[in-house]
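# Structural overview for review
Here is what each chain is made of, one letter per residue.
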Amino acid sequence: MFTDIETKKKLKGFADLIHPVTIDNFVDEYWEKQVLHIKRDDPEFFSSLFSIDDLDKLLEYSRPRGSSLRVVKSQQPLNPTIYENQDGSLNLNQLYAAYADGYTIVVNEIQRFWDPIKAMIQNTRAFTSHNAVANLYLTPENEKALSPHYDSHDVFALQISGQKHWIVYDDTHFKTPLLHSFQPIFQREQLTGAREITLKA
């Protein structure tokens, strides 16, 4: 027998991630064609997937390190020796101090540390027939991790807490770049067709 709480904890599949847009509409109108911004008046929509409180647990108990963790501010990475102990373990005090100083905490391939995200990634792989990974970005207020750039892969951005302001530009410079190809950093004056989007939880 399922209670309301247990039902809420049900893992979300790919169709849930793009709801209320249907999969057919997504494939026909948006995938690799144009930006899709889905607005929902539901800040708890992704609560069964991950939460800001879950990040504290993940950092405390899983202790991602090496290539699994990056700390970056305006394209400049922080030397890992600042937030890692001599044995390579994570120094949470130094990590949180870096965040307070404006650095973004990035957990790469977070599905390796969190089962609900792992299930969502497996569902996405099954639907798209493509490899998929999930990276987490925790960015302080009024800061940015990266300068204007493009990705050589499709991106789904899920806002699970707070809000983040994005500027999306035309793809006139590089249309469908090859995977793992060189990704230059751009100055904003080089780019056209700025579209501003604010993602909210």
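For the structure, see preceding data.
To start, this report covers the structure provided alongside it. (Residues numbered from 1 in each chain as written. Predicted model: local features only at pLDDT ≥ 70, side-chain atom pairs only at ≥ 80, totals over all residues. Heavy atoms only, no water.)

This part covers the packing of helix 4 (residues 52-62) against helix 5 (residues 92-100). For the pair helix 4 and helix 5, interaxial distance at closest approach is 11 Å and the crossing angle is 145°. Here helix 4 contributes D56, L59 and E60 to the contact with helix 5, which in turn contributes L92, L95 and Y96. Broken down by class, the residue content of the contact of helix 4 with helix 5 amounts to 4 nonpolar, no polar and 2 charged. (Axes fitted to C-alpha atoms, helices over the stretch in contact; angles between N-to-C directions. Helix = DSSP H or I, 4+ residues; strand = E, 2+ residues; numbered from the N terminus. Contact = heavy atoms within 4.5 Å. Nonpolar A, V, L, I, M, F, W, Y, C, P; charged D, E, K, R; others polar.)

Moving on: the environment of I110. Tracing the chain through its elements places I110 in the loop between strand 3 (104-107) and helix 6 (115-128). The exposure class assigned to I110 is buried, which follows from its relative accessible area of 1%. The sequence separation of I110 and L69 amounts to 41 residues, and the corresponding C-alpha distance is 9.5 Å. Non-local contacts of I110, meaning those with residues more than four positions away in its chain, are made with F50, L58, I117, A134 and L136. (Buried < 20%, exposed > 50% of the residue type's maximum accessible area, 1.4 Å probe, protein only.)

This next bit is on the pattern of salt bridges. Pairing is possible between side chains of opposite charge, provided their charged atoms come close. Here the structure, examined in full by the defined rule, presents 3 salt bridges. Salt-bridge contacts for K57 lead to D54; the nearest nitrogen and oxygen are separated by 3.8 Å. With K57 and D54 both in helix 4, this residue pair falls 3 residues apart, about one helical turn. For K57, a relative accessible area of 44% puts it in the partly exposed group. Using a relative accessible area of 11% as the deciding quantity, one classes D54 as buried. With a shortest N-O distance of 3.6 Å, R112 and E109 are connected by a salt bridge. (Salt bridge = Lys/Arg side-chain N within 4 Å of Asp/Glu carboxyl O.)

It is worth spelling out the packing of aromatic side chains at this point. Per the stated rule, a full pass over the model turns up 8 aromatic pairs. Geometrically, the ring pair formed by F14 and F127 is stacked, given 4.3 Å between the ring centres and 20° between the ring planes. Residue F14 is found in helix 2 (residues 14-18), and its partner F127 is found in helix 6; the two are separated by 113 residues along the sequence. Grouping aromatic residues by their ring pairs yields a cluster made of F14, F26, W31, F127 and F156. Sitting above the plane of the F45 ring, R40 keeps its charged end 3.9 Å from the centroid. Cation over ring: K73 sits above Y103, and NZ or CZ is 5.7 Å from the ring centre. (Phe/Tyr/Trp six-rings, centres within 6.5 Å; stacked < 30°, edge-to-face > 60°. Lys NZ or Arg CZ within 6 Å of the ring centre and 35° of its normal.)

Counting 28 residues, the largest nonpolar core has F50, L95, I110 and I117 as its most contacted members. Taken together, the elements giving at least two residues each to this core come down to helix 4, strand 1 (69-73), helix 5, strand 3, helix 6 and strand 4 (136-138). Aside from chain neighbours lying at most four places away, what touches L95 is L59, L69, V71, Y83, L90 and I105. (Core = buried A, V, L, I, M, F, W, Y, C linked by side-chain atoms within 4.5 Å.)

Here we come to the side chain of T124. Relative to the helices and strands, T124 is located in helix 6. Leaving out residues up to four positions away in the same chain, T124 has contacts with F14, L17 and A132.

Strand pairs in the sheet, formed through backbone hydrogen bonds, run parallel or antiparallel to each other. Reading across the sheet, the 4 strands line up as 2-1-3-4 and stay open at both edges, with antiparallel pairing between neighbours. Of all strands in the sheet, those bounded by a partner on one side alone are strand 2 (76-77) and strand 4. Two elements, strand 1 and strand 3, share 4 bridges in a ladder whose sense is antiparallel. Among the inter-strand pairings, L69 is bridged to a residue of strand 3, identified as V107. Sitting on the sheet, helix 5 is in contact with strand 1, strand 3 and strand 4, with an inclination near 30° to strand 1. (Pairing = 2+ DSSP bridges.)

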